[in-house]
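# Report on the structure
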Amino acid sequence: MSSTFGTLFRISTFGESHCAGVGVIVDGYPPGMSLTEADVQTQLDRRRPGQSTLTTDRDEADKVSILSGVENGKTLGTPIAMFVANRDQRPADYKSMRKIPRPSHADYTYQMKYGIRASSGGGRSSARETIGRVAAGALAEKYLTEAFGVEIVAWVDSVGDIAAPMVDVQHIRREQVDSSTVRCPDPDTADLMMTRIAAVKDENDSIGGVVTCVCRNLPTGWGEPVFDKCEAKLAQAMLSIPATKGFEIGSGFAGTMLRGSEHNDPFVQKDARLGTVTNYSGGVQGGITNGEPIIFRVAFKPPATIGKAQQTADFEGQDSLLEAKGRHDPCVVPRAVPIVEAMAALVLADLALRQKARAASQT
Ligand SMILES: Cc1cc2nc3c(=O)[nH]c(=O)nc-3n(C[C@H](O)[C@H](O)[C@H](O)COP(=O)(O)O)c2cc1C
């Protein structure tokens, strides 16, 4: 089920970038919860294109409609369908790319796999597919916040070789992240990042970056060893986002430079629970949350569609020069922030329901 994610909190996304619209069906959402479109719209607004000069100029309002599963502002426990119309398509922009697959995009592989592909836009491989994830993620996050007090905050940690200084993961808030359009909470670094993205855009080129995410106030016990370990589900969720190239949790790859004596997280009594002094584990041990914040990082490549001329080959194998037309993101990380938060919320809500079901079956 390649467009379905989750076990008890299950979502199925649908839609191509240039069809009538995109959306999601959420199954397993608890009944009796208050829910309106406004609860979903905030995160969609943070994801939408055209929100600043740093993103694609495609101008979509991305207004969500809830089609089912909610009556008089309360969830019914039945599938919740949400829909967002596609309005600002320009199929003509994709004319040159019908014959020439974009290097490092999904045109070639979709064509080879299905023998056909959406005639314009990226189809399912487009970032428009992530609208369904962000809408469903807003529901997941609402449940996590109301039931457990969980907080999820992601931010742009680096753009190219410009990296932000260490962030206070215990206290970072979305308002700080959104204080700059690039979504880096450190103002000086944010300025450097915005200047770099603008310069890259002027050169008809693109640039990559890293999004870091913290999930706070988690109870112990979420995660289903061995194949559905918490970090395994997070890795799958994050690497399913278009343009991702890497995932690391806690100390990640840098942890390999340390000795066990430096890297271990010693236990200490914290309020009513056993906590850890350090958090190189990133909040997960043995695939199960240990009550410390989950901290992970996601690497995004420079987006593939660039106006700069590239020597490549067309579908027939003929040498070709591609100067991609259209409106594209010079750097995806500012818009990826709410997508990363949404996927984290979807993983955690599913694991929360699975732990609840396990606990109920054990009593
Ligand atoms: C928020 C966001 C915006 C994106 N915008 C673009 C874009 O404007 N142009 C582009 O070529 N790729 C863009 N991408 C990435 C492509 O969707 C992706 O690279 C492509 O589908 C190939 O998949 P892969 O990179 O995961 O292999 C975007 C990704 C995200 C997360």
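Check the entry above for the structure.
For clarity, every value in this text was computed on a predicted model and none was experimentally measured.

### Section: the overall build of the protein chain
When you go through the protein chain residue by residue, the secondary structure sums to nine helices and 18 strands. Against the compact-globule benchmark of 21 Å for 363 residues, the protein chain has a radius of gyration of 21 Å, which places it among compact chains. Principal-axis analysis of the C-alpha atoms gives the protein chain an extent of 65 × 50 × 35 Å. Split into buried and exposed, the 363 residues of the protein chain put 50% on the buried side. Long-range contacts, defined here as pairs at least 24 residues apart, represent 71% of the contacts in the protein chain between residues at least 6 apart. When the accessible area of the protein chain is evaluated, it comes to approximately 16,800 Å², of which 53% is carbon and sulfur surface. Within the protein chain, the 43 negative side-chain charges are centred at a point lying 4 Å from the centre of the 40 positive side-chain charges.

### Looking at the sheet that holds strand S3 (residues 21-27)
Read across the sheet, five strands follow the order S1-S2-S3-S7-S4 without closing on themselves; strand pairing throughout is antiparallel. Edge positions in the open sheet fall to strand S1 (4-5) and strand S4 (64-66), since each of these has one partner strand only. Bridge analysis of S1 against strand S2 (residues 10-14) gives two bridges, and the strand direction is antiparallel. Its bridge partner being in S2, Thr4 is matched across the sheet by Ser12. Helix-sheet contacts for helix H1 (residues 37-47) involve S4 and strand S7 (80-85), and the interaxial angle to S4 is about 150°.

### Focus: the site of the ligand
The environment of the ligand is formed by 14 residues, the closest being Ser125, Ala243, Lys301, Thr305 and Asp329. Taking His105, its side chain carries an N or O atom lying 3.4 Å from an oxygen atom of the ligand. Ser125 is positioned with one of its backbone polar atoms (N or O) 2.8 Å from an oxygen atom of the ligand. Computed on the free molecule, the ligand has an accessible area of 630 Å², of which 87% lies beneath the protein chains in the complex.

### What about unusual backbone geometry?
That bond from Pro225 to Val226 is cis: its omega, 10°, falls within 30 degrees of zero. For Val226, the position within the fold is in the loop between strand S10 (209-216) and helix H7 (230-239). For Asp62, which is not glycine, the phi torsion reads 55° and is therefore positive. Tracing the backbone through its elements, the reader meets Asp62 in the loop between H1 and S4. Residue classification places Asp62 among the buried residues on the basis of a relative accessible area of 2%.

### So, the pattern of salt bridges
In total, this model carries 24 salt bridges according to the counting rule given. Taking the shortest distance from any N to any O, the salt bridge between Arg128 and Asp62 comes out at 2.7 Å. With Arg128 in the loop between helix H3 (107-114) and helix H4 (130-148) and Asp62 in the loop between H1 and S4, this residue pair connects regions lying 66 residues apart in the sequence. Just as Arg128 is buried, Asp62 falls in that class too.

### Remarks on the packing of H4 against helix H9 (residues 333-362)
Think of two packed helices as two axes; the pair is described by the angle between the axes and how far apart they sit. In the contact formed by H4 and H9, the axes pass within 7 Å of each other and the chain directions differ by 50°. Relative to H9, the element H4 lies oblique. In the crossing of H4 with H9, the sense of the turn from one axis to the other is left-handed. Seen from H4, the contacting residues are Thr130, Arg133, Val134, Ala136, Gly137, Ala140, Glu141, Tyr143, Leu144 and Phe148; seen from H9, they are Pro338, Ile339, Ala342, Met343, Ala345, Leu346, Leu348, Ala349, Ala352, Leu353 and Lys356. Residues that form the contact of H4 with H9 fall into these classes: 16 nonpolar, two polar and three charged.

### Considering the environment of Asp191
Within the secondary structure, Asp191 sits in helix H6 (residues 187-202). By relative accessible area, which is 45% here, Asp191 ends up partly exposed.

### A few points about the sheet that holds strand S16 (residues 294-300)
As summarised here, the arrangement of the five strands in space is S9-S8-S10-S16-S11, forming an open sheet in which the pairing is antiparallel. Looking at the sheet topology across the chains shown, the edges are occupied by strand S9 (162-163) and strand S11 (244-249). Bridge analysis of S11 against S16 gives five bridges, and the strand direction is antiparallel. Bridge assignment links Thr244 to a residue of S16, and that residue is Phe300. Across the sheet, H7 lies against S11 and S16, angled at about 160° from S11, the strand it touches most.

### Some points on the side chain of Lys142
Mapping Lys142 onto the fold places it in helix H4. Of note is the side chain of Lys142, whose polar atom sits 3.0 Å from the backbone oxygen of Ser34. What Lys142 contacts, discounting residues up to four positions off in sequence, is Tyr29, Met33, Ser34, Leu35 and Asp39.

### Some remarks on the pairing of strand S18 (residues 319-322)
Here S18 shows a clear split, with Ser320 and Leu322 buried on one side and none of Asp319 and Leu321 buried on the other. For strand S17 (residues 310-313) and S18, the ladder comprises four bridges, and the chain directions are antiparallel. Among the inter-strand pairings, Ala313 is bridged to a residue of S18, identified as Asp319. Between the end of S17 and the start of S18, which pair antiparallel, lie five residues, with Gly317 showing a positive phi angle near 90°.

### A short note on the side chain of Ser52
Positionally, Ser52 belongs in the loop between H1 and S4. Classification of Ser52 by relative accessible area gives buried; the value is 15%.

What counts, and at which threshold
Residues numbered from 1 in each chain as written. Predicted model: local features only at pLDDT ≥ 70, side-chain atom pairs only at ≥ 80, totals over all residues. Heavy atoms only, no water. Helix = DSSP H or I, 4+ residues; strand = E, 2+ residues; numbered from the N terminus. Rg over C-alpha atoms; globule rule 2.2 N^0.38 Å. Buried < 20%, exposed > 50% of the residue type's maximum accessible area, 1.4 Å probe, protein only. Contact = heavy atoms within 4.5 Å. Areas by Shrake-Rupley, 256 points an atom, 1.4 Å probe, with all protein chains shown as cover. Lys, Arg positive; Asp, Glu negative; His and termini not counted. Charge placed at Lys NZ, Arg CZ, Asp CG, Glu CD. Pairing = 2+ DSSP bridges. Axes fitted to C-alpha atoms, helices over the stretch in contact; angles between N-to-C directions. Near = heavy atom within 4 Å. Polar contact = N/O pair within 3.5 Å; in protein donor to acceptor, adjacent residues only side chain to side chain. Salt bridge = Lys/Arg side-chain N within 4 Å of Asp/Glu carboxyl O. Parallel < 35°, antiparallel > 145°, perpendicular 65-115°, else oblique. Left-handed = near helix turned anticlockwise from the far one by under 90°. Nonpolar A, V, L, I, M, F, W, Y, C, P; charged D, E, K, R; others polar.

Taken by themselves, the reported measurements are silent on function.
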